[in-house]
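Chains, contacts and geometry: an overview
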Amino acid sequence: MSRQVRDYLVCYDIADPKRLSKLARILEKRAYRIQYSIFLLKKVANHEISSLVNEITAIIDKEADDVRIYKIKSAGYRLGCAIDIDNPYTWTEE
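Residues numbered from 1 in each chain as written. Predicted model: local features only at pLDDT ≥ 70, side-chain atom pairs only at ≥ 80, totals over all residues. Heavy atoms only, no water.

**Considering the nonpolar core**
Formed by 18 residues in total, the largest nonpolar core has its most connected members in Tyr 12, Leu 27, Leu 41 and Leu 52. Elements with a contribution of two residues or more to this core: strand 1 (5-13), helix 1 (17-30), strand 3 (38-45) and helix 2 (46-59). The biggest single contributor to this core is helix 1, with 5 residues. (Core = buried A, V, L, I, M, F, W, Y, C linked by side-chain atoms within 4.5 Å. Buried < 20%, exposed > 50% of the residue type's maximum accessible area, 1.4 Å probe, protein only. Helix = DSSP H or I, 4+ residues; strand = E, 2+ residues; numbered from the N terminus.)

Shown next, in the form of structure tokens:
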């Protein structure tokens, strides 16, 4: 049985600075920061995303905070070159 992996986009708006820092630290360990409150999770298995959802749920205030996790179904369009999603830590000079 093959392990199915997918890419996800995590976006958040957290009302409390303490919860914001905690969530950002968790995501920085597992994902690439695309923008201040947007992270890309690459090649994540179903059990890993479930674990992350549980971890996030334990941190946030469901009445005040907003966290959204989107499954990326295709590569989409890349407009611009601020970050290479496939090699985010690769630097090329022109």
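**Notes on helix 2**
Its 14 residues place the ends of helix 2 20 Å apart at the C-alpha level, agreeing with the 20 Å of an ideal helix rising 1.5 Å per residue. Every buried residue belonging to helix 2 is among Ile 49, Leu 52, Ile 56 and Ile 59, and all of these are buried. For helix 2, the buried positions fall inside an angular range of 80° around the axis, keeping them on one side. Looking at helix 2, the residues exposed on the side facing more than 90 degrees away from the buried face are His 47, Asn 54 and Ala 58. On its buried face, helix 2 is in contact with strand 1, helix 1, strand 3 and strand 4 (66-72). (Expected span 1.5 Å × (residues − 1). Arc of directions from axis to C-beta. Contact = heavy atoms within 4.5 Å.)

**So, the packing of aromatic side chains**
Considering all chains together, one arrives at 1 aromatic pair under this definition. Where Tyr 12 meets Phe 39, the ring centres are 6.1 Å apart and the plane angle is 20°; that geometry is what we call stacked. With Tyr 12 in strand 1 and Phe 39 in strand 3, this residue pair connects regions lying 27 residues apart in the sequence. In this structure Phe 39 comes out as buried when scored by relative accessible area, which is 0%. In this arrangement the basic side chain of Arg 33 is found over the ring face of Tyr 36, its NZ or CZ atom lying 5.5 Å from the centre. (Phe/Tyr/Trp six-rings, centres within 6.5 Å; stacked < 30°, edge-to-face > 60°. Lys NZ or Arg CZ within 6 Å of the ring centre and 35° of its normal.)

**Here's the deal with the sheet that holds strand 4**
In spatial order, the strands read 2-3-1-4; together these 4 strands make up an open sheet with antiparallel pairing. Two strands close off the open sheet at either side, each with one partner strand: strand 2 (32-35) and strand 4. Between one strand and the next, the sheet's axes are offset by a mean angle of 30°, whatever the strand orientation. Relative to strand 3, strand 1 runs antiparallel, the two sharing 6 bridges. Residue Val 10 lies in a different strand from strand 3, and its bridge partner there is Phe 39. Most of the contacts of helix 1 go to strand 1, to which it runs at about 160°, and overall it touches strand 1, strand 2, strand 3 and strand 4. Docked against the sheet, helix 2 engages strand 1, strand 3 and strand 4, running at close to 140° with respect to strand 3. (Pairing = 2+ DSSP bridges. Axes fitted to C-alpha atoms, helices over the stretch in contact; angles between N-to-C directions.)

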